[in-house]
Amino acid sequence: MEVQVLNTAGKETGRSVVLSDQIFGVEPNDHAIYLDVKQFLAAQRQGTHKAKERGEIAGSTKKIKKQKGTGGARAGSIKSPLFRGGGRVFGPRPRNYDFKLNKKVKALARKSALTYKAQGSNILILEDFVLEAPKTKEIVSISNNLKINDKKLIFVLPEQNKNIYLSSRNLEGVSVVTASELTTYQIMNAGKVVLLESSLGKIEEQFKI
């Protein structure tokens, strides 16, 4: 697939790049996407939830009433889950929600996600640019020029760029990542994927094309 390279003014530069069919033109695998997104979201969970069971409740161990003759059910501890303030039965405990996923499945998921974006014409190639200082209005201007300011955007850089990152940090719906950090969730969650021209080589290198 051939895509025109745009400049920050939103104009065509006269150059074009060919998106590799091995990355942007594979047979999409929805289940691989599902598994990779599920793993990503699971890894975001802190897993610090904790409820006290009856053995962890602070309270008297004295039998609260006699066994028989009260006309009510038997009760031996104020810590019983049946009473207000008692322990919780099978309550949540701290745990790690992350799970292992095969590298080949993760790679297939990312390629499938990129293929979907390419098929929907939601991938833009932007020529490399630099910012002398962090300026949010520069990123806003670029988004307006590309006519994608009403979409969720993800800018994919070839390497870390502090000024671009700081310039986009306060913008809702705009995120910046490097090609090596790009995840399936970020691709699927974005309305438009803006690839800097030199980041294509990094993506191909990542998939060893």
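Scroll up for the structure.
Remember, predicted model here, so these are calculated numbers, not experimental data. (Residues numbered from 1 in each chain as written. Predicted model: local features only at pLDDT ≥ 70, side-chain atom pairs only at ≥ 80, totals over all residues. Heavy atoms only, no water.)

Caption draft 1: Expanded view of the environment of Gln67. As for its position among the elements, Gln67 is in the loop between helix 2 (30-44) and helix 3 (103-119). Only 2.9 Å separates the side chain of Gln67 from the side chain of Lys63, close enough to count as a polar contact. (Helix = DSSP H or I, 4+ residues; strand = E, 2+ residues; numbered from the N terminus. Polar contact = N/O pair within 3.5 Å; in protein donor to acceptor, adjacent residues only side chain to side chain.)

Caption draft 2: Representation of the nonpolar core in the model. Phe24, Ile123, Ile125, Val193 and Leu195 are the most contacted members of the largest nonpolar core, which has 24 residues in total. The set of elements that each furnish at least two residues to this core consists of strand 1 (2-6), helix 1 (21-24), helix 3, strand 3 (123-126), strand 4 (153-157), strand 6 (192-196) and helix 7 (199-206). By residue number, the principal contributor to this core is helix 3, which donates four residues. Setting aside anything within four residues of it in sequence, one finds Phe24 in contact with Leu19, Leu114, Thr115, Ala118, Ile123, Leu195 and Leu200. (Core = buried A, V, L, I, M, F, W, Y, C linked by side-chain atoms within 4.5 Å. Buried < 20%, exposed > 50% of the residue type's maximum accessible area, 1.4 Å probe, protein only. Contact = heavy atoms within 4.5 Å.)

Caption draft 3: The packing of helix 2 against helix 3, seen in detail. Axis separation between helix 2 and helix 3 bottoms out at 8 Å; the angle between their running directions is 110 degrees. Taken together, the axes of helix 2 and helix 3 lie roughly perpendicular to each other. The way helix 2 lies across helix 3 gives a crossing that is left-handed. Residues Asp30, Ala32, Ile33, Leu35, Asp36 and Gln39 of helix 2 touch helix 3, and the partners they reach there are Val105, Lys106, Leu108, Ala109, Arg110, Ser112, Ala113 and Tyr116. Broken down by class, the residue content of the contact of helix 2 with helix 3 amounts to eight nonpolar, two polar and four charged. (Axes fitted to C-alpha atoms, helices over the stretch in contact; angles between N-to-C directions. Parallel < 35°, antiparallel > 145°, perpendicular 65-115°, else oblique. Left-handed = near helix turned anticlockwise from the far one by under 90°. Nonpolar A, V, L, I, M, F, W, Y, C, P; charged D, E, K, R; others polar.)

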